[in-house]
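One-letter residues, chain by chain:
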Amino acid sequence: MTRTEKDKKSQDKLPDQLFNYPFSVLIFILFLQLCSHFSHSPIWLILYVIGISFFGLVTYKLIRKPVSTGLRFIVVFVSTSVFILYYKFNFTVDMAASFLVLASSLKLLELRHKKDVVLFSYVMLYLSAISFLFVQSFLHALLQLILILACLYVLLYLNVGSMLSGYKVSWSSLFKAVFLAGPIVLVCFLFFPRIAPLWSIPIKTQSATTGMTDFMSPGDIAELAQSSARAFRVSFSGQAPENKDLYWRGLILDNFDGRSWRASPPPFSYKRFNKIDSGLLYDHGENSYEVMLEPSNQSWVYALESSRASSSNVLLQEAGVFQLKTDAIQSTRYKMTFEKAIMEPALIIPTAKRLKVKERSSTDLYRDLQVPFNSNPRTQEYMNKLLVSFPDKINLLNYLMNNFSRQEYYYSLKPPALGSDIVDEFLFDTKVGFCAHYAGSLAYLLRLAGIPSRVIAGYQGGEYNERSNYYIVHQYDAHAWVEAKLPEIGWVRLDPTAMVAPARILSGLDVAVGDQGRFLENSPLASAALRISALNWLRLRIDEFNYQWQKTVVNYGDQQQRSLIKNILGGIFPDASDLMRVAILLGGGITFFTVSIMLFLWYKQFSGRYSNVEKYYMIWLYFLARFTNLKRATGETPKVFLERVQSSTYPRLAKITEELTMKLEQGQYKI
Amino acid sequence: MKSISFSEKISNWLSSRSIRKNEFILSQKNIYIIPSKAGFAFVLLIALMLLTAINYQNSLIYLFTFFISSVFFISIWLCFLNLNGLRISSYEIAECFEGEPCPYPIQLASISKPALSLGMGINEQPIIETNIKQDSVCQHSMLLPAAKRGLHTLDRLRIQSYFPFGFIVAWTWLKLDAKVLVYPKPIEGTRVIGKPDSLSLNQQHLKSEDLTELKPYQQGETASRILWKQYAAKDQLVIRSHEQGGYDSFWLNWDSYEAIDTESKLQHLCFDVLDLNRKQQLYGLDIPNVHISPSSGEQHKQRCLKALALHGLNDKSVFYD
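Residues numbered from 1 in each chain as written. Chains lettered and ligands numbered in written order. Predicted model: local features only at pLDDT ≥ 70, side-chain atom pairs only at ≥ 80, totals over all residues. Heavy atoms only, no water.

Right, let's talk about the overall build of chain A for a bit. Assigned secondary structure in chain A consists of 24 helices and 18 strands. In chain A, which comprises 671 residues, the proportion classed as buried is 49%. In chain A, the share of contacts with a sequence separation of at least 24, taken over all contacts with a separation of at least 6, comes to 73%. Taken as a whole, chain A presents about 33800 Å² of accessible surface, with 62% of it coming from carbon and sulfur. (Helix = DSSP H or I, 4+ residues; strand = E, 2+ residues; numbered from the N terminus. Buried < 20%, exposed > 50% of the residue type's maximum accessible area, 1.4 Å probe, protein only. Contact = heavy atoms within 4.5 Å. Areas by Shrake-Rupley, 256 points an atom, 1.4 Å probe, with all protein chains shown as cover.)

Have a look at this one:
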């Protein structure tokens, strides 16, 4: 009677009533999701989602009634209108992610059926996956692991129900699923072929990153000096050049408009024919280095002078500058090979260093001589006078360079503001500047003298991590210098900043700036981290770990996969094609682990049911049945079967059977 | 020897699987497994993630995708092993009255591992949802819509489980020999006036012990009726076949009711059997083809009710078992 009453009650359940699901876990998942998408979500959205989930929690826990349709409609309408007003239909990846976050938080208000909760969990999993487009740190990956576990918990809860607490085993099945998945994940990750993108997607995000820009007006680089963010990390395969020779060329700024230097658009010929140096791709020689570029949303490649590309994602641009195939919206890894500088008779010009730079095509040579007509008149006049007293160009250059140290020029991160003719004002009035001022002025002076020259923007130096043997190049290592083409010598690198503040090149910015207190003044924590040795040690260890993470996991790609597969199977199947090798490793690995997991699970279930002796006995029976005609009939006791074996033509088998039967009976009657 | 054709093989195979049995142990031979709707949606989700990973060339999204697809893959095994080894049996015959839902008795036993989120029913909509702990036995009554009186066997039992994450459903179809004996609905009937009261038709007083017949004791009969003297002398449990002296024993007769149709008569008889049993009186049953001499007790009641339930039906196997 009680049973039927119960049934009646469950049938009377209103369809609108909330069913049982772990609401607080859903809120927890949404909260983790907010943390994952924090970097690119607008602050109003985060607050809004927190508000909605709080509202949902209150209605679920206290009022125990679903939100009414009218109210839900209003909330959805307001949310979408605000969202559209904010994003204005600019489709970007972060907008899509934010939309999913908003939509799933609204879904929280109308979870009526099991399938709603399932859908919610699936959307959460997808959001979790695409959060890797924005952040790829190790901690973020851990966060996503927790998220997966929470989502799986919700799905488990939906199936096992409220009885979950009483059945600890179902928890264990959650972890069993996750741990047993491990080896298969590893095999797939290592050997699943990395396919080229099926179609190109507008990938630009709205989030701003600090870093280089393709134009430089004085002061820009000084701003970068306030940032301790990483630009990239480098590890050398052989001996690294000295710190003072680490000039990371980024881009050529060759167009001067009287105030700022810009990169002129690449010439037509290079747009079409920029190609990779395929012969060198997998041959890394002695002097190669690997750069791990932080996301910059740009395609610029930072490379040492006289480098050649050694990975397929780098393209050669004009004048020895490189470019990435796709913008670095994620951290990007590339390899370069460089030529060690040959010992040469030193040039008399201070800081000058001869370069092996690929010439521009003859039609583009004018780019390095372009000057604006009517700007900086005082500099033009000054140069006209100098040209009279220094007819030899090398002497002129020598004079100009020494002039920076002879005269009272100062190096400062906070130079005074300049008017419209900035070179005039800097050279003759303020005489205080940052590398951009010096490089820009020198290049302008040289061009006025008819010497082809250009400003190079990039980074100089780097922090050496001794334990793991790599360099960290920070944003504050951003630098600008000059390249000039001297008659009979060719292209040389000139760094006027080194004349003013030699410490900048020899020891880095923090030493060069010294007591000025301008270095990293906006980020006291980062500044402290550099100065307090314990913190500095910790910072370097963390960076080391992150670098390893990025190198081995985040940037594991096609090239790494090929060399790994080659290492594993190169000896065994020297003639197999790449595809064959992938098939062998992927198929073989998955099969192997599947079978082992299957056997493991099966064995665990099987092993609980029988004692060891029983297991041996059963295995023995299986062999007897398989290889002889002795098969134990159903219902035949071990003793009767033993007699049958003994009477058969296999005396040796009978002996073993007898032993096993004895043990079996002993085991059974002992209890 | 002639080789059997393919279709014959198939039909042999099918009939070999559909043998009605009292007990089944689930194994790879009778468990079917397929992704559920949610599972197919999950596969779509994986495909979408893989596409994202490929198009954005993002190593961590690859890792994420492989992770959840491996969990999906492992859950196939967990789903299968959850059902594997489950012992389903039904040996007892349950009983109920016409008009009540029929409680088919099903016993579930799981050895060495639990079996979780099981759904049992006769189609995809489970009627019972249950979890079974490790090394335990669970008795369930599956309530199916009311049936007419008689002996009913469960049509086809489906046991399914979406364990652990709902991506995969494992199920089995069993022809379990679960039986319910449905008695006629007890309805009080008016007796035919003029005829001697059927209830007191056979009021006879047994005068002495000598007149009583002796018969061997059967389980279920009241222990107070055992002749302990006989037991001491002959080492045999013996009872008197008729309750002696002092009590009236009634005969329930087929024709003593006003109602004409068989079903109504059976219903009235059923009511009286229950009524007399409650009053702890002696009664006998006299209906066409069946004659049960007066007695009392649970077993006697059930004998009578069985006779009423199966009256006129072919299946007498329960009655004479």
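Picking up after the structure, the text goes on.
Let's shift gears to the pairing of strand E6 (residues 288-293) of chain A. Residues and elements named next belong to chain A. Summarising burial for E6: six of the six residues are buried, a large majority. The two faces of E6 match: Ser288, Glu290 and Met292 on one face and Tyr289, Val291 and Leu293 on the other face are all buried. Of the strand pairs in this sheet, strand E2 (residues 230-236) and E6 are connected by five bridges, and their pairing is antiparallel. Bridged to phenylalanine 236 within E6 is tyrosine 289. Of the pairings in the sheet, the one linking E6 to strand E10 (residues 332-338) comprises six bridges and is antiparallel in character. From the neighbouring strand, leucine 293 faces E10, where its bridge partner is threonine 332. (Pairing = 2+ DSSP bridges.)

Let's shift gears to helix H4 (residues 69-87) of chain A. All names here are of chain A. Look at H4: 27 Å from first C-alpha to last across 19 residues, which is about the 27 Å you get at 1.5 Å a residue. Buried residues in H4 make contact with helix H3 (43-63) and helix H5 (93-107). Taken from the residues just after H4, lysine 88 is the one with a positive phi, measuring 50°. (Expected span 1.5 Å × (residues − 1).)

Our next topic: the interface of chain A and chain B. With 62 residues of chain A at the interface, the matching set in chain B holds 53 residues. Carbon and sulfur atoms make up 76% of the surface buried where chain A meets chain B, a total of about 5300 Å² over both sides. There are zero salt bridges connecting chain A and chain B. The tally of links between chain A and chain B comes to seven residue pairs in polar contact (both at pLDDT 80 or more). Mapped onto the side of chain A that touches chain B, the elements with two or more residues apiece are helix H1 (2-11), helix H6 (114-130), helix H7 (138-160), helix H8 (168-191), helix H19 (533-554) and helix H21 (578-609) of chain A. It is H8(A) that contributes the most residues to the side of chain A that touches chain B, 13 residues altogether. (Buried area = accessible area lost by both parts, 1.4 Å probe. Salt bridge = Lys/Arg side-chain N within 4 Å of Asp/Glu carboxyl O. Polar contact = N/O pair within 3.5 Å; in protein donor to acceptor, adjacent residues only side chain to side chain.)

Turning our eyes to something else, we now look at the nonpolar core. Grouped together as the largest cluster of nonpolar side chains are 127 residues, with contacts concentrated most on Ile68(B) and Ile88(B). Residue contributions to this core peak at 16 residues, all from helix H3 (residues 59-83) of chain B. Discounting chain neighbours no more than four positions away, the residues touching Ile88(B) are Asn22(B), Glu23(B), Phe24(B), Leu26(B), Ile106(B), Gln107(B), Leu108(B), Leu157(B), Ile159(B), Leu174(B) and Leu176(B). Counting 80 residues, the second largest nonpolar core, distinct from the first, contains Phe236(A), Ala240(A), Leu304(A) and Tyr438(A). (Core = buried A, V, L, I, M, F, W, Y, C linked by side-chain atoms within 4.5 Å.)

Residue and element names in this part refer to chain B. Across the sheet, three strands lie side by side as E4-E12-E9; this open sheet has mixed pairing. Both edges of this open sheet fall to strand E4 (93-97) and strand E9 (150-153), since each of them pairs with a single strand only. With strand direction ignored, the average angle separating the axes of adjacent strands in the sheet is 25°. With four bridges joining them, E9 and strand E12 (residues 179-183) adopt antiparallel strand pairing. (Axes fitted to C-alpha atoms, helices over the stretch in contact; angles between N-to-C directions.)

This paragraph deals with the side chain of His140(A). Assignment of secondary structure puts His140(A) in helix H7. Not counting residues within four places of it along the chain, the set of residues in contact with His140(A) comprises Ser36(A), Ser131(A), Phe132(A) and Val135(A).

Attention shifts here to unusual backbone geometry. Residue and element names in this part refer to chain B. A cis amide bond links phenylalanine 163 with the next residue in sequence, proline 164, at an omega value of -5°. You can see proline 164 is positioned in the loop between strand E10 (157-161) and strand E11 (168-174). Its identity as a non-glycine residue notwithstanding, serine 117 has a phi of 45°, on the positive side. For serine 117, the location among the structural elements is in strand E6 (residues 115-121). A positive phi is found at asparagine 289, a non-glycine position, where the angle reads about 75°.

Residues and elements named next belong to chain B. Spatially, five strands are ordered E2-E11-E10-E6-E7 in an open sheet, and the strand pairing comes out antiparallel. In this open sheet, the two edge strands, each paired with only one partner strand, are strand E2 (32-35) and strand E7 (128-132). With strand direction ignored, the average angle separating the axes of adjacent strands in the sheet is 25°. Looking at chain direction, E2 and E11 are connected through four bridges and run antiparallel. Bridge pairing links isoleucine 33 to alanine 170 in E11.

Another point: the environment of Phe28(A). All names here are of chain A. Looking at the element boundaries, phenylalanine 28 is found in helix H2 (residues 23-36). Taking C-alpha positions, phenylalanine 28 is 9.7 Å from serine 53, a pair spaced 25 residues apart along the chain. Those residues in contact with phenylalanine 28 that lie beyond four places of it in its chain are Ile146 and Ala150.

Right, let's talk about the packing of aromatic side chains for a bit. A ring pair, where both rings are aromatic, is described by two values, the distance of the centres and the angle of the planes. Enumeration over the complete set of coordinates arrives at 50 aromatic pairs over all chains. Each residue in the set Phe232(A), Phe236(A), Trp248(A), Tyr289(A), Tyr302(A), Phe338(A), Tyr459(A), Tyr464(A) and Tyr471(A) is aromatic and connected to the rest through ring pairs, giving one cluster. Note that Arg194(A) overlies the ring of Phe189(A), its terminal NZ or CZ placed 5.1 Å from the centroid. Between Arg158(B) and the ring centre of Trp173(B), over which it is positioned, the NZ or CZ distance is 5.3 Å. (Phe/Tyr/Trp six-rings, centres within 6.5 Å; stacked < 30°, edge-to-face > 60°. Lys NZ or Arg CZ within 6 Å of the ring centre and 35° of its normal.)

All we've got here are geometric facts, nothing functional implied.
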